[in-house]
Amino acid sequence: SFLKMKHSILSLGFSDVSIAGTTGTTIQTLSMSAEAADRVAVSGSRPSTPPQTSWFEFLLDEMLLENHLQKSHPDPVPVQLVIQFLEQAAKPSVNEQNQVQPPADNRRNRTLKLLALKVAAHLKWDLDVLEKGLTIPVLNMLLNELLCVSKVPPGVKHVDLDLSTLPPTTAMAVIIYNRWAIRTIVLSSFPEKQTKPGPHQMNMDYMVLCHCLLLQLKEQAADSIMVLEGSLGLKKDFYIHTLRTLDLLAADPSTANGETESSTAGLRISADELHCQVHYDLGGIFFQQGCSDQLAYEKAREHFQQTRELLLKFDLTLHVHLDEKRLAGYWNACRALTGALDPSDTQLNPYGQINIIEGSSFPQALVEAFIKDNVSLKHLVRGLDEVCHKLCVCNAVRDALQGEVLSVRFHQLLHKPRKHVVDFMLEVCTRSLDKDRSSETSKRKMVIFLKCVGLKPHLVFVVTAHKLFTELLKEEDRKILVEQMRKRSATVNLCAKPLPSFYDIPAAASVNIGQLEQQLILCLDARRIRQILIELHSMAERPFWRVNNKWEVPPDYINVILNIKDNLTKDLVYILMAKGLHCITVKDFAHTRQLFSACLELVTEFSPKLRQVMLNEMLLLEVRAHETGVAEGSNVRPPPDLVSRVRGYLEMRIHDLPLRQIVGEECVAFMLNWRENEYLTLQVPQQLVMNNPYIKLGQLLASTCKELPGPKESRRTAKELWEVVVQICSVSNQHKRNSDGRVSLIKQRESSYNETCSLMVEQICISLQDDIVNEVTAEYLAIWPSTLANMQAVDVEAVAVTVKELVTYALTLNPNNQSWLITQADIYFVTNQYSAALHFYLQAGAVCSDFFTKAVAPDVYTDQVLKRMIKCCSMLNCHTQVAVLCQFLREVDYMTAFKALQEQNSHDAMDSFYDYIWDVTILEYLTHIHHKRGESEKRQIAIKAIGQTELNASNPEEVLQLAAQKRKKKFLQAMAKLYF
């Protein structure tokens, strides 16, 4: 039986090693299975548990998977099968030299990926089920495979795709991926349950991978939201891949997704069902963003309202998977947060009723609520307790300001207060005292009140750290009072273990950890951060660097930091660096300097490696701070010290040091931006050029820019630069598709290549030649080589992405550069985004003609550009526009114009464009086809256009040219209004 099975495996092109790791293991496994089967046969009717089906058995029997999934209790379960299939497909191979290679793109691995997709299709792509059973990296790989098999255009951002023009299953794949992206962001923001560490939690590589994927999803969140919002405008039904449609695609993989029955033969999802699910997911992401943007709660409420309304339409929601209890919670929370509660709503829960009462201007309603609560004795509403607490606090502050004795109720409330009560009390104190107008007596009474509150051991830290406390007291008085409160609290709470006075924080074991964590999140003072962490570690031993999921450290440094043995030091280094990096993103350079300096001082004591890391980050900080000043209008050259430090970084010898690629890139960018061409071309050591690829590329850029005015002289350096760029964009045999579905070249090279190309734009208009296709035009083509030796070795997808990003960046520097606008239009043209292409073609003409008040120069609107504009209009079914544009060519293209005018399904304004036609032959053809169709009104409009005296063939050439130019300008202005 083993030989039979092995023969079947080998006939499929699989090796022994790719099944179970080694031949010996395979034989042993299969032999054991055979022996087990013999034992069962001998034992007769003796009951036994059926053996678990192995993953490779599904490769041998095409029907086995479908039969397995139909079982009531399949073993292994579907999600476990997905994990097994993808893990096997992603396993690296070993060549004859015993070298580890990326997973091979062979029939075995393609079949395994297809099997994983089939299991997901059996689950009807229910993200709830997939998210619970699969980790983020595995689900990311699965959905990327779905994008690949659904023929989603590679190299094009999802936000740039027009979902309405894609085949149904392709559009659905894009929607599923982006739904998962925002759902994962929302799920990652929930507090992590402290559980016993499992194998994944203990795996540092796994944590880093998850961190990087989440970071990438968060960066693309805005695009994912736009994609999903765009899908809400589609009113047609959708189709999602099933086992059958996946089999159809597998049977003929060369067939485009839109041209096979699989695009409409899948599982039908109605537009309402899809919209219901998308509204729910969008509501979740906007609710998560509400903590930093109040308007996001309004958007969330609107989406949840749409979800509720759509749910009412369904008698049976077969394809909508959402938690209705969670939806109800979201709905009530959004209404409370946006003040949209309706008093007449009979379905309001008690919390909602209290929110209405709290916002009501009628005190009697509040009294009635209290009376009803007294009658029912059911604690209606924990919300009434909250109202009582707030009233008690407000009254206590008033009593304090009037010099009266605080109530017993208030003292009882302070015995074990909740965090929100303490926050509310401090807010009331702040708002009840006008620091500019209040008398000294009122301020003194407020200090007495705060001192009274601060004598509670568990409130010392909160009160003394509050802004109001520090503002009301001078520093000397504050120190004396703090010491008195510390001594008093120490006598009250004998269990408290005070920290050394150096940290200036009285330790109290009963301080609420949540309060300290909130302080830690908000604090930007390095000394204070250290004090808070010491306090937290005295109460609990857990990784406090994970308190805020927005604290992010570059993946290059994570392993070094997390390997620090002392947990307090580990937390401190991670948080100081994360906060500093965040401050750079919001251009708060002063706080970044303070945080980085403290981190540098700390790591210098124990880690030379981390010390150099911090010096590198501080250099990047100064470079960005200076560049930001320049962007804001400052023209001050960088100080010599900064230039010297940049040179020092570029010349640094690397010995097992984690380096961020962006630091080297920005140092080269800095030297190029400030025209340090002499250093890059003449002074930089030759050995450094050979060993540091950034400097090599920077030197070639500087040399090419320097020699550009003379094309002949610049050809030598331009050729060297060309060869380096081609090498960057080339794919070696090892650059295969990774487990996450992306091409590895992009992951490894994209960042440096985009940055480098951006440098070129800041120097001069050096553009790539025909790397993507020979249809894309650019400036300075004459200096580049005219041929490419090995086109097959170039990663076309990477070049396409890079050129698009390069030109987009170039236009942020100079939005009116007509050559770059034409190049941008060409890029959209060759990627079949015709509306966007027309937008940029028209913009290029507008900037060089004062918005078409003058004639567009013929070197801008060449025949090649005009023919592309004609094709764009044709592909958009704007056939009358095609006819008008055919006149713009040096030789009027009558054949194309006549063919366009024969089209009856035109999406433009048709006869309203007749006034822009000056070619009498085209107008005569219009009258003929309208007469032939019996369209008398349109025929009269064409006849009227012919009858204009300025179009009379007997007119002088100057008059005819003037008539043509007048119509050209008006037509282009009309087109600009349509496409701008």
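Here is what the cut-offs are and how they apply
- Residues numbered from 1 in each chain as written.
- Predicted model: local features only at pLDDT ≥ 70, side-chain atom pairs only at ≥ 80, totals over all residues.
- Heavy atoms only, no water.
- UniProt positions renumbered as here; feature names shortened; annotations may be inferred.
- Helix = DSSP H or I, 4+ residues; strand = E, 2+ residues; numbered from the N terminus.
- Buried < 20%, exposed > 50% of the residue type's maximum accessible area, 1.4 Å probe, protein only.
- Areas by Shrake-Rupley, 256 points an atom, 1.4 Å probe, with all protein chains shown as cover.
- Salt bridge = Lys/Arg side-chain N within 4 Å of Asp/Glu carboxyl O.
- Phe/Tyr/Trp six-rings, centres within 6.5 Å; stacked < 30°, edge-to-face > 60°.
- Lys NZ or Arg CZ within 6 Å of the ring centre and 35° of its normal.
- Contact = heavy atoms within 4.5 Å.
- Polar contact = N/O pair within 3.5 Å; in protein donor to acceptor, adjacent residues only side chain to side chain.
- Axes fitted to C-alpha atoms, helices over the stretch in contact; angles between N-to-C directions.
- Parallel < 35°, antiparallel > 145°, perpendicular 65-115°, else oblique.
- Left-handed = near helix turned anticlockwise from the far one by under 90°.
- Nonpolar A, V, L, I, M, F, W, Y, C, P; charged D, E, K, R; others polar.
- pLDDT = per-residue confidence, 0-100.
- Disulfide = S-S within 2.5 Å.

- Going by an unreviewed UniProt entry, the protein carries the name INTS8 TPR repeats domain-containing protein and comes from Oncorhynchus tshawytscha.
- We quote the UniProt Sequence similarities (unreviewed entry) comment for the protein here in full: "Belongs to the Integrator subunit 8 family."

### Quick word on the overall build of the protein
Item 1. Looking only at helices and strands, one finds 48 helices and four strands in the protein.
Item 2. Relative to its full complement of 980 residues, the protein shows a buried share of 46%.
Item 3. Carbon and sulfur atoms form 53% of the exposed surface of the protein, whose accessible area is close to 50800 Å².

### Here's the deal with unusual backbone geometry
Item 1. Of note in this structure, Lys151 is not a glycine but carries a positive phi near 60°.
Item 2. With a relative accessible area of 35%, Lys151 lands in the partly exposed category.
Item 3. The phi dihedral of Asn877 is positive, around 60°, even though this residue is not glycine.
Item 4. Relative to the elements of secondary structure, Asn877 occurs in the loop between helix H43 (863-875) and helix H44 (879-886).

### Brief notes about the pattern of salt bridges
Item 1. The full count for this structure, using the stated rule, is 23 salt bridges.
Item 2. Close ionic contact of Arg593 with Glu622 constitutes a salt bridge, the shortest N to O distance being 2.9 Å. With Arg593 in helix H31 (residues 589-603) and Glu622 in helix H32 (residues 608-631), this pair connects stretches of sequence that are 29 residues apart.
Item 3. With relative accessibility at 21%, the residue Glu622 sits in the partly exposed group.
Item 4. Here the residues in one salt-bridge network are Asp128, Glu131, Arg179, Arg183 and Asp281, joined through shared partners.

### Overview of the packing of aromatic side chains
Item 1. The final tally for this structure, using the stated rule, is 18 aromatic pairs.
Item 2. With a centroid separation of 5.1 Å and an interplanar angle of 65°, the aromatic rings of Phe287 and Tyr330 are classed as edge-to-face. One end of the pair, Phe287, is in helix H15 (residues 271-289); the other, Tyr330, is in helix H17 (residues 324-338), with 43 residues separating them in the sequence.
Item 3. Look at Phe888 and Trp918: their rings are 5.6 Å apart centre to centre, the planes differ by 55°, and that puts the pair in the tilted class. Remark: Trp918 occurs in the loop between helix H45 (894-902) and helix H46 (920-933) and Phe888 occurs in the loop between H44 and H45; sequence separation between them is 30 residues. The same class applies to Phe888 and to Trp918, which are both buried.
Item 4. Three or more aromatic residues joined by ring pairs make a cluster, and in this case those are Tyr280, Phe287, Tyr297, Phe304 and Tyr330.
Item 5. Between the NZ or CZ atom of Arg546 and the centre of the ring of Trp545, over which it lies, the distance is 5.7 Å.

### Let's talk about the environment of Phe898
Item 1. Tracing the chain through its elements places Phe898 in helix H45.
Item 2. Look at Phe898 and you get partly exposed, because its relative accessible area is 21%.
Item 3. Along the backbone, Phe898 and Thr880 are 18 residues apart, and their C-alpha atoms lie at a distance of 9.9 Å.
Item 4. Setting aside residues no more than four positions away along its own chain, Phe898 makes contact with Thr921, Ile922 and Tyr925.

### Here's the deal with the side chain of His68
Item 1. Structurally, His68 is set in helix H5 (residues 64-69).
Item 2. Given a relative accessible area of 1%, His68 falls into the buried group.
Item 3. Within the structure, His68 has its side chain in polar contact with the backbone oxygen of Pro76 (distance 2.9 Å).

### A closer look at the packing of helix H10 (residues 168-188) against H15
The description of two helices packed together rests on the angle between their axes and the distance between the axes.
Item 1. Axis separation between H10 and H15 bottoms out at 9 Å; the angle between their running directions is 30°. The orientation of H10 with respect to H15, classified from their angle, is roughly parallel. When the axes of H10 and H15 are compared, the crossing they make is left-handed. For the pair H10 and H15, contact is made by Met172, Ile175, Arg179, Ile182, Arg183, Ile185 and Val186 and by Leu274, Gln277, Val278, Asp281, Leu282, Gly284, Ile285 and Gln288, respectively.
Item 2. Class assignment of the residues belonging to the contact of H10 with H15 gives a composition of nine nonpolar, three polar and three charged.

### Describing the packing of H44 against H45
Item 1. Between H44 and H45, the shortest axis-to-axis distance is 8 Å and the interhelical angle comes to 160°. The angle between the axes of H44 and H45 places the two elements in the roughly antiparallel class. For the element pair H44 and H45, the recorded crossing hand is left-handed. For the pair H44 and H45, the contacting residues are His879, Val882, Ala883 and Cys886 in the first and Thr896, Ala897, Ala900 and Leu901 in the second.

### What to know about the confidence of the model for the protein
Item 1. Of all residues in the protein, 77% attain a pLDDT of 70 or more, and the chain-wide mean is 77.
Item 2. Counting interchain partners and residues more than four positions distant, the pLDDT-below-50 stretch residues 1-48 has 32 contacts.

### Some words on the state of the cysteines
Item 1. Following the criterion strictly, the structure yields zero disulfides and no others.
Item 2. There is no disulfide at Cys873, and the cysteine sulfur nearest it, in Cys878, is 6.0 Å away.
Item 3. Residue classification places Cys873 among the buried residues on the basis of a relative accessible area of 0%.

### A word on the environment of Gly403
Item 1. As for its placement among the helices and strands, Gly403 is situated in the loop between helix H20 (382-401) and helix H21 (408-413).
Item 2. Residues Gly403 and Thr441 lie 38 residues apart in sequence; the distance between their C-alpha atoms is 9.8 Å.

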